[in-house]
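Letter by letter, the chains look like this.
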Amino acid sequence: MTEVPDQKLLWFNFLKIFTRALVQINLYKPDHPQVRQALIEGEALLVQIADSLNGGDFSITLDNDKLLINSTPLLASDKLPNSLKNLFTKFRIQTITFAKGVSGDDLLALCQVQAFKGDAKDFLKERGVEKISLNESVYAKVDGAQPQAAMAPAEQAQQAGAPAAQGPAEKVADKISGLALETALSAVVSRATPDAAEQRRILEILAAKFKAEIEASVNKALEGIRGEKKKVENDMVRAESVMTSMADGVVVVDRNGNILMMNPQAEAISGRPLAELSGKKIMDLSQLESQVVSLAKEIRSDSKTDISKELEKGGSPELAETVKKATAIIQNEEGKIVGTVSIPTDAAKLKQVEQMQQEFIANMTHELRSPLTSIKAALELMSRDASGPGDPSRGILNTAIRNTERLNSIITDILDFSKLQSGKLVFHPENTSAVETAKEAAEAMRAWTTSKGVSLTVRAEPGVPFIYADRRRMVQVLINLISNSIKFTPQGGSIEVSADAGKDALDGFVFFSVRDTGCGINKEDQGKIFEKFVQVAAGEKVGGTGLGLAITKAMVVMQGGRITLDSEPGRGSTFRVSMPVYRGQAEQPVFEQVPEETPGEKSWWQKILGR
Ligand code: ADP
């Protein structure tokens, strides 16, 4: 760099006027004539200096012990006025660079920095000063005792040729560790050279390299992500095309039962497009309700529970079973249920099949019963005509009559069960005599007990109140219980049918009991026998459908009663039925009366009716 004596003079003059401005701004307002004058002079000097540098930057650097102007030492730092020195040290400024075109207002802002408490650079930026830049100092005081080996590479490089003074390595590192990348880089670069133009070039080169490398690694990372995205998109397209081309309706729901996807077939069944149903709860859709097993409860229970046990069914058990088979549970890696895929079957078809099934049972039972009634009538006629008690044909005829009765009761069971399932079993509750009901049931079974050699007694507490029940159905309930007792009580045993008024808190009920001295029922089987198709092996093997107690319990509970069992294997069984006392209830038919159940417990009648 060429130096002419004029230049140095200009520098000295500028330093003088700048120092004056720094002092005056502390004493006067910015528009004070003295301040204005100093700024005008300062601006003029900067113009001259810029000209002398051919438009190049003018930089003032405070090194540890000297002041440098454009890298040229000018003064020892102890010769500097305090106001100028303080500006550098207070804001840890190493270099102040003036670009061509600095205005008096820019200079004013630089002077006002003194009173500012924050970052000097921010202050200038806020004031819109662009022609003056500040480089922060990364120097510490020279510590001669610091060993060379402890210096950072940048400093070592600097030591090899850079003009700036060196500081201990760890202090530089400490200093830049808290700075933003750009500031830290500027700080390091300023150690390499005090020449502001050179510093800017270095920074530009570093920034370009940094940008190129970042771009390269971002592109590399993006390549992987793009590949993954493509794969996911392909999988989605595949899944969607499989779903769309399926003949059945498919609904995908999330773990809360909200609809995520539906194929066109499912849209047709529900009668609404996916766009409208997306996010809605699957069980809120009446069109799908009868076809889709409610999985809401199951889905919410974050467990691996066997879904088949917890299904809430809509429709008959057969219908629910069909839908259950059409439902896949989606689990995550931990085995938690996160969603389901259901194939709602065509409701119309299923309903049709169900109806056909019911009609078939009704017709079949009717067809069976009519010839049976005539056979029984004929047998009874023949039995009456048989010559006498000693006649061997009389015994054969009695056995035949009993068998027709058994067949008849099986047909009744099947018919009642079918009616229960379709909700067509109707009760006509009325003011009914409990004692008469017990007597009527016992009398209907007397012939059988006599022929088997089992005693049958009826005991009624005096003053037992009337009950509110369908008399015919109540007789049927007791007949079912008595016929079981006869079946499972050996010859010589006894059966007692009784009716008692409930005491104290239970005075709103009448208790019927059917007690026998038969084979009894194992404890573990006692809970099961009220379920449909259950026959347990405690006693002798006798015929039956396994429906009797299920129907009996349904009839009791649907009329507001309860049934319990007390039994010990080998010591007989007692079935107790409690029915509500008649208290002037309105007499009207009851269809499928739903009794209160303990929450959480799957009521047995729901199992029968498929609720
Ligand atoms: P079924 O019509 O086949 O008799 P139920 O539902 O009436 O069917 O009875 C179910 C099972 O409960 C019977 O198979 C029998 O094992 C048992 N059971 C019912 N009542 C009695 C009883 N009084 N004594 C012993 N076992 C009984």
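This one's a predicted model, so the numbers in the text were calculated from it and none came from an experiment.

Calculation criteria
Residues numbered from 1 in each chain as written. Predicted model: local features only at pLDDT ≥ 70, side-chain atom pairs only at ≥ 80, totals over all residues. Heavy atoms only, no water. Helix = DSSP H or I, 4+ residues; strand = E, 2+ residues; numbered from the N terminus. Buried < 20%, exposed > 50% of the residue type's maximum accessible area, 1.4 Å probe, protein only. Contact = heavy atoms within 4.5 Å. Areas by Shrake-Rupley, 256 points an atom, 1.4 Å probe, with all protein chains shown as cover. Pairing = 2+ DSSP bridges. Axes fitted to C-alpha atoms, helices over the stretch in contact; angles between N-to-C directions. Salt bridge = Lys/Arg side-chain N within 4 Å of Asp/Glu carboxyl O. Parallel < 35°, antiparallel > 145°, perpendicular 65-115°, else oblique. Left-handed = near helix turned anticlockwise from the far one by under 90°. Nonpolar A, V, L, I, M, F, W, Y, C, P; charged D, E, K, R; others polar. Expected span 1.5 Å × (residues − 1). Phe/Tyr/Trp six-rings, centres within 6.5 Å; stacked < 30°, edge-to-face > 60°. Lys NZ or Arg CZ within 6 Å of the ring centre and 35° of its normal.

So, about the overall build of the chain. From N to C terminus, the chain includes 22 helices and 18 strands. The proportion of buried residues among the 611 residues of the chain is 40%. If you take every contact in the chain between residues at least 6 apart in sequence, the share linking residues at least 24 apart comes to 63%. Of the roughly 32,800 Å² of accessible surface on the chain, 55% is carried by carbon and sulfur atoms.

Turning our attention to the sheet that holds strand E14 (residues 494-501). Spatially, E12-E14-E15-E17-E16 is the arrangement adopted by the five strands of the open sheet, whose pairing is mixed. Since the sheet does not close on itself, it has two edges, and those belong to strand E12 (455-460) and strand E16 (562-568), each with one partner. Adjacent strand axes in the sheet meet at a mean angle of 15° when their direction is disregarded. As paired strands, E12 and E14 are joined by six bridges and run parallel to one another. By the bridge assignment for E14, Ala 460 is matched with Ala 499. Lying over the sheet, helix H18 (residues 434-452) contacts E12, E14 and strand E15 (509-516), oriented at roughly 175° with respect to E12.

Before going further, it helps to spend a moment on the pattern of salt bridges. Tallying each qualifying case throughout the model produces 15 salt bridges. Between Glu 440 and Arg 471 there is a salt bridge, with its nearest N and O atoms 2.7 Å apart. Within this pair, whereas Glu 440 is found in helix H18, its partner Arg 471 is found in helix H19 (residues 471-488), the two being separated by 31 residues in sequence. Residue Arg 471 is classed as partly exposed on the basis of its relative accessible area, which comes to 28%. Each member of the salt-bridge network shares a partner with another, and the members are Arg 459, Glu 496, Asp 500 and Arg 515.

Another aspect to go through is unusual backbone geometry. Residues other than glycine seldom take positive phi values, yet Asn 54 does so here, at roughly 55°. Of note, Asn 54 is situated in the loop between helix H2 (33-52) and strand E1 (58-62). Its identity as a non-glycine residue notwithstanding, Ser 71 has a phi of 70°, on the positive side. Relative to the assigned elements, Ser 71 resides in the loop between strand E2 (66-69) and strand E3 (72-76).

The geometry of helix H17 (residues 392-422) relative to helix H21 (residues 548-558) is characterised by a closest axis approach of 10 Å and an angle of 50° between their N-to-C directions. The angle between the axes of H17 and H21 places the two elements in the oblique class. Once H17 is placed against H21, the crossing between them reads as left-handed. Across the interface between the two elements, Asp 413, Asp 416, Phe 417 and Leu 420 of H17 pack against Gly 548, Ile 551, Ala 554, Met 555 and Met 558 of H21. The class makeup of the residues in the contact of H17 with H21 is six nonpolar, one polar and two charged.

Let us look at the sheet that holds strand E5 (residues 132-136). One open sheet accounts for five strands, arranged E3-E2-E1-E4-E5; its pairing is antiparallel. At either margin of the open sheet sits one strand with a lone partner, and together these are E3 and E5. Within this sheet the neighbouring strands show an average axis-to-axis angle of 20°, counted without direction. With three bridges joining them, E1 and E2 adopt antiparallel strand pairing.

The end-to-end C-alpha separation of helix H8 (residues 181-192) is 17 Å, in line with the 16 Å expected for 12 residues at 1.5 Å each. Those residues of H8 not exposed but buried are Ala 184, Ser 186, Ala 187, Val 189, Ser 190 and Arg 191.

Moving on, we get to the pairing of E2. Where E1 folds back onto E2 in an antiparallel hairpin, the turn is made up of three residues. The hairpin turn running from E2 into E3, its antiparallel successor, is two residues long, and Asn 70 in that turn takes a positive phi close to 40°.

Our focus in this paragraph is the packing of aromatic side chains. Scanning the entire structure with this criterion turns up eight aromatic pairs. Note on Phe 14 and Phe 98: the rings are 5.4 Å apart at their centroids and 75° apart in plane angle, and the pair reads as edge-to-face. Of this pair, Phe 14 sits in helix H1 (residues 5-27) while Phe 98 sits in strand E4 (residues 93-98), and the two are 84 residues apart along the sequence. Here Phe 14 matches Phe 98 in class, with each residue buried. For the ring pair Phe 116 and Phe 123, a centre distance of 4.8 Å and an interplane angle of 40° mean the geometry is tilted. Following the ring pairs from residue to residue traces out a cluster consisting of Phe 14, Phe 18, Phe 58 and Phe 98. In this arrangement the basic side chain of Lys 553 is found over the ring face of Phe 530, its NZ or CZ atom lying 5.0 Å from the centre.

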